[in-house]
Amino acid sequence: MAPKEKDAKDKEEKIVKINKWDGSAVKNAVDDAVKEVLTKKYNYVENFALMDGRLTICGIAVGVAMFALLWDYLYPFPQSRPILIFSVSTYFIMMGILTLYTNYKEKGIFAVCIQKDASKKDNVWEASSYVAKYDDKYNLVLAFIDGKTKQRRETSSKKSVANFVDVNGSVVHDLVEAEVTRLHSSLLSERKTK
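It should be emphasised that the depicted structure is a prediction, and the values quoted were computed from it without experimental measurement.

The rules behind these values
- Residue positions are given per chain, counted from 1 along the sequence in the order it is written.
- In view of the model being predicted, local features appear only for residues whose pLDDT reaches at least 70, and side-chain atom pairs are presented and counted only at 80 or more, with totals across whole chains, interfaces and linings using the full set of residues.
- Hydrogens and water are ignored here; the side-chain numbers use all heavy atoms of the structure.
- Here, nonpolar core refers to any group of buried Ala, Val, Leu, Ile, Met, Phe, Trp, Tyr and Cys residues whose side-chain atoms link them within 4.5 Å.
- The cut-offs for exposure are 20% and 50% of the maximum accessible area for each residue type, with area from a 1.4 Å probe on protein chains only; residues under the lower value are buried, those over the upper are exposed, and the others partly exposed.
- Helix and strand labels come from DSSP, where a helix needs a run of H or I of at least four residues and a strand needs a run of E of at least two; each type is numbered from the N terminus.
- Throughout, a contact is declared for two residues whenever any of their heavy atoms are within 4.5 Å.
- UniProt positions are given in the numbering used here, feature names are shortened, and annotations may be inferred rather than shown by experiment.
- Helices are assigned an expected span. That span is 1.5 Å times one less than the residue count.
- Any carboxyl oxygen of Asp or Glu that lies within 4 Å of a side-chain nitrogen of Lys or Arg is treated as forming a salt bridge with it.
- Classification of ring pairs uses Phe, Tyr and Trp, with its six-membered ring standing for Trp, and accepts pairs whose centres are within 6.5 Å; under 30 degrees between planes counts as stacked, over 60 as edge-to-face, and the remaining range as tilted.

J.: Go over the nonpolar core, please, and point to the residues and values.
T.: Ranked by size, the top nonpolar core spans 27 residues in total, and within it Val30, Val34, Leu38, Tyr138, Val171 and Val176 carry the most contacts. Going through the elements one at a time, α2 (23-41), β2 (109-115), β3 (123-130), β4 (137-145) and α5 (173-193) are the ones with two or more residues in this core. Sequence-distant contacts of Val34, that is, excluding residues within four places in its chain, are made with Phe110, Ala127, Tyr138, Leu140, Val176 and Val180. Membership of the second largest hydrophobic core comes to 11 residues, among which are Leu50, Ala61, Tyr101 and Ile109.

J.: Can you tell me about unusual backbone geometry, naming the residues and giving the values?
T.: Backbone geometry at Lys107 places phi at a positive 50°, although glycine is not the residue there. Among the structural elements, Lys107 can be located in the loop between α4 (77-106) and β2. Taking the relative accessible area as the measure of exposure, Lys107 reaches 57% and is therefore exposed. Positive phi, normally seen in glycine, also occurs at Lys150, with a value near 60°. By secondary structure assignment, the location of Lys150 is in the loop between β4 and β5 (152-160). In this structure Lys150 comes out as exposed when scored by relative accessible area, which is 62%.

J.: Mind laying out the UniProt feature "transmembrane region" (unreviewed entry) in the protein, listing which residues take part and the relevant values?
T.: Those residues carrying the UniProt feature "transmembrane region" (unreviewed entry) are residues 48-71 and 83-101 in this numbering. Helix makes up 96% of residues 48-71 and strand 0%, whereas the separation of the span's terminal C-alpha atoms amounts to 34 Å. Helix makes up 100% of residues 83-101 and strand 0%, with an end-to-end C-alpha separation of 26 Å.

J.: Tell me about α2, and name the residues and values.
T.: In this model, α2 (19 residues) spans 26 Å end to end at C-alpha, consistent with the 27 Å of a helix rising 1.5 Å per residue. Within the span of α2, buried status applies to Val26, Lys27, Ala29, Val30, Asp31, Ala33, Val34, Val37, Leu38 and Thr39. Looking one or two places after α2, you find Asn43, whose phi comes out positive at around 55°.

J.: Give a detailed account of the pattern of salt bridges, specifying residues and quantitative values.
T.: Scanning the entire structure with this criterion turns up nine salt bridges. When the shortest N-O distance is used, the salt bridge between Glu126 and Arg152 registers 2.9 Å. Taken together, the positions of Glu126 in strand β3 and Arg152 in strand β5 put the pair 26 residues apart, joining distant regions of the chain. Given a relative accessible area of 43%, Arg152 falls into the partly exposed group. Taken together, the salt bridges that share partners define one network made up of Glu126, Arg152 and Glu154.

J.: Tell me what's going on with the packing of aromatic side chains, and back it up with residues and numbers.
T.: The full count for this structure, using the stated rule, is seven aromatic pairs. Considering the side-chain rings of Phe67 and Trp71, the 5.7 Å spacing of their centres and the 40° angle between planes classify their relative orientation as tilted. Remark: Trp71 and Phe67 occur in helix α3 (residues 49-74); sequence separation between them is four residues, near one turn of the helix. The exposure class of Phe67 is partly exposed, given its relative accessible area of 38%. Aromatic side chains Trp125 and Phe144 sit 4.8 Å apart centroid to centroid with 55° between the ring planes, which places their arrangement in the tilted category. A residue pair is termed long-range when its members are at least 10 positions apart, and Trp125 in strand β3 and Phe144 in strand β4 qualify at 19 residues. The residues Trp125 and Phe144 share a single accessibility class, namely buried. Taken together through their ring pairs, the aromatic side chains of Tyr42, Tyr44, Trp125 and Phe144 make up a single cluster.

Structure representation (structure tokens):
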């Protein structure tokens, strides 16, 4: 297979068709395209610590539930009552903590990327988005956290999802890349002027 044919085939496989009327599917597809721009074009390293926190909370909750299940199997109900009460209470507390974590810590952040710097202080780029229910406006927020000063700067874009999805239901990566590049450049120029 010739290199041009291989590139065309790879590009064809990369195109994902989505239902353009499904708001969450469109949002997730555009989010994936934004994440791809940050990791492929700028060669930033994705950091999964935010997702690992959510997985840890869920893991603890599932571990407590499995412990309760095992304890109830080994010591049937009348004996396992205090353990079951403790386990159910702990499970619901963990679900409350998970809700607080996703609402106040994650805040819709779908990508955290590390920009490796020559010094030991790496810069952090965060991308978050939201689409209101029954709305076509895609709100993208790109944030930059300086590794040295820990100062946070962010910029946002609010455009219709029709700007990023064609009539066939495919995400137009060039348009997403142009928008992310514009936001990225505005944060970098802001950094240079200060």
